[in-house]
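Structural features, examined
So you can see what is in the structure, the chains are spelled out below.
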Amino acid sequence: MSNPVLNFCIRLMKWLPVVFITLIVLWSYYAYVVEMCVFAITSLPQKVIYLVLYHIFFLIFVWSYYQTIFAPVGRPSQEFYLSKADVDRLEHEDREDRQQQHLAQMAKDLPLVTRTIGGSIRYCEPCQLIKPDRCHHCSMCGTCVLKMDHHCPWVNNCVGYSNYKFFVLFLGYGLLYCIYVAGTSVEYFIKFWNKELDDTIGNGRFHILFLFFAAAMFSISLVSLFGYHLYLVFSNRTTLESFRTPMFRHGPDKDGFNLGSTNNLKEVFGEDRRLWFLPVFTSLGDGLKFPTRVQYDPTEPAPTDSPATESPDSPDSVGFGDGMSFPTRRTSEDSHQLLNDRQRWAEEGEGDVSDRETALTTVQPPGRSRVHVEAET
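Residues numbered from 1 in each chain as written. Predicted model: local features only at pLDDT ≥ 70, side-chain atom pairs only at ≥ 80, totals over all residues. Heavy atoms only, no water.

Going by an unreviewed UniProt entry, the protein carries the name Palmitoyltransferase and comes from Branchiostoma belcheri. Turning to the protein, the UniProt record has this under Sequence similarities (unreviewed entry): "Belongs to the DHHC palmitoyltransferase family." Regarding the protein, the relevant UniProt record gives this comment under Subcellular location (unreviewed entry): "Membrane". (UniProt positions renumbered as here; feature names shortened; annotations may be inferred.)

This is the structure in structure tokens:
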């Protein structure tokens, strides 16, 4: 039985990184506008120009951050959820092959092209649904997330289909904001270093000093992160897919969703280029199905020599489309290096990840036969 007080404390703790970033941004506003522009800069035209440009960067950056935090998490539609009768039928079936047959029958009318590493239908037991393509279960949010990229503690939200554009803009405008602040404050940082600043500004000199250092350090951090996500956008991959090649019906293909740089960009930012740089939702599609590099016939069975029918322990799997081979990662390698252990790819909900690093998860409902569901992300 859950403790409401403990749950409230946990939810409160999740907001601490957001509060920290918010306080840093508010302090930077005070240091730049008040201490530097109002007191340190003596030229009126320079004050006006600096303040106008600063507020443009500041407002678009805060807008993007707000959208990333408060955009609702994209969840699968009702058609992907199993009915109570289907769940009971699945749980009472003690043979794994029969369970997979039941799942395949339930998913026959769903737009699915990806599979588990063993070639089976991707099923989320905590949510009791058949997962759409590129959908993964987030244990931090406790739900399946459409086109999940990762769970970001700095926005206390899952980054996925519904807010990925906002997240990329947040990184980009955050980088521009820091570069602008660092570039315009470096002159007064040098004056402080050479003891040329007017003594009348008092402790404001230290605000300007730390403002430059903070902006420079955040710029260095953001430039690599923003560059990495631009690479993901132009290659049409998520963070999870960049570490684990998606498994299609005919095998793994790291470029399975790659439609070319222009089309990949439009899939995230939309068709209207006038809205690309505004944090308003313009992403294409519905998050449930995605165009692929190779067209699939959902009625065509996977070939018997396909990697999808090979053992999960097979060291190599051959991709398709470009004649290249891509290694298949074992399920025991599901630890995500960029995220903490509770944010790993294995989508079995909350729990100790050390107990869940097997290809097949066995669940024993009270008074029922064992249910074998293949864990896949």
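**Side note on the pattern of salt bridges**
Opposite charge on two side chains permits pairing when their charged atoms draw close. All chains considered together, the criterion is met by twelve salt bridges. For Asp-272, the salt bridge goes to Arg-274, with nearest N and O atoms at 3.0 Å. Because the salt bridges share partners, they merge into one network encompassing Arg-134, Lys-147, Glu-241 and Glu-267. (Salt bridge = Lys/Arg side-chain N within 4 Å of Asp/Glu carboxyl O.)

**Thoughts on the confidence of the model for the protein**
Residues of the protein with pLDDT of at least 70 account for 76%, and the chain-wide mean is 81. In the model of the protein, strand E11 (residues 360-363) stands out as the element of lowest mean pLDDT, 32, in contrast to helix H3 (residues 44-70), which has the highest, 97. Of the regions scoring below 50 in pLDDT, residues 303-377 engages in 174 contacts with residues more than four places distant in sequence or in other chains. (pLDDT = per-residue confidence, 0-100. Helix = DSSP H or I, 4+ residues; strand = E, 2+ residues; numbered from the N terminus. Contact = heavy atoms within 4.5 Å.)

**A few points about unusual backbone geometry**
Peptide bonds are mostly trans, and most non-glycine residues show a negative phi. Its identity is not glycine, yet Arg-134 carries a phi of approximately 70°, on the positive side. Mapped onto the elements, Arg-134 comes out in the loop between strand E2 (129-130) and strand E3 (136-138). The buried category is assigned to Arg-134, whose relative accessible area is 2%. One non-glycine residue, Asn-156, adopts positive backbone phi at about 50°. Inspection of the secondary structure puts Asn-156 in the loop between strand E5 (150-152) and strand E6 (157-159). (Buried < 20%, exposed > 50% of the residue type's maximum accessible area, 1.4 Å probe, protein only.)

**Focus: the side chain of Asp-149**
Structurally, Asp-149 can be placed in the loop between strand E4 (143-145) and E5. No salt bridge is formed by the buried Asp-149; its nearest oppositely charged neighbour, Lys-147, is found at 7.6 Å. A distance of 2.5 Å separates polar atoms of two side chains, one belonging to Asp-149 and the other to His-150. Not counting residues within four places of it along the chain, the set of residues in contact with Asp-149 comprises Val-159, Gly-160, Tyr-164, His-229, Leu-232, Thr-238, Thr-239 and Leu-240. (Lys, Arg positive; Asp, Glu negative; His and termini not counted. Polar contact = N/O pair within 3.5 Å; in protein donor to acceptor, adjacent residues only side chain to side chain.)

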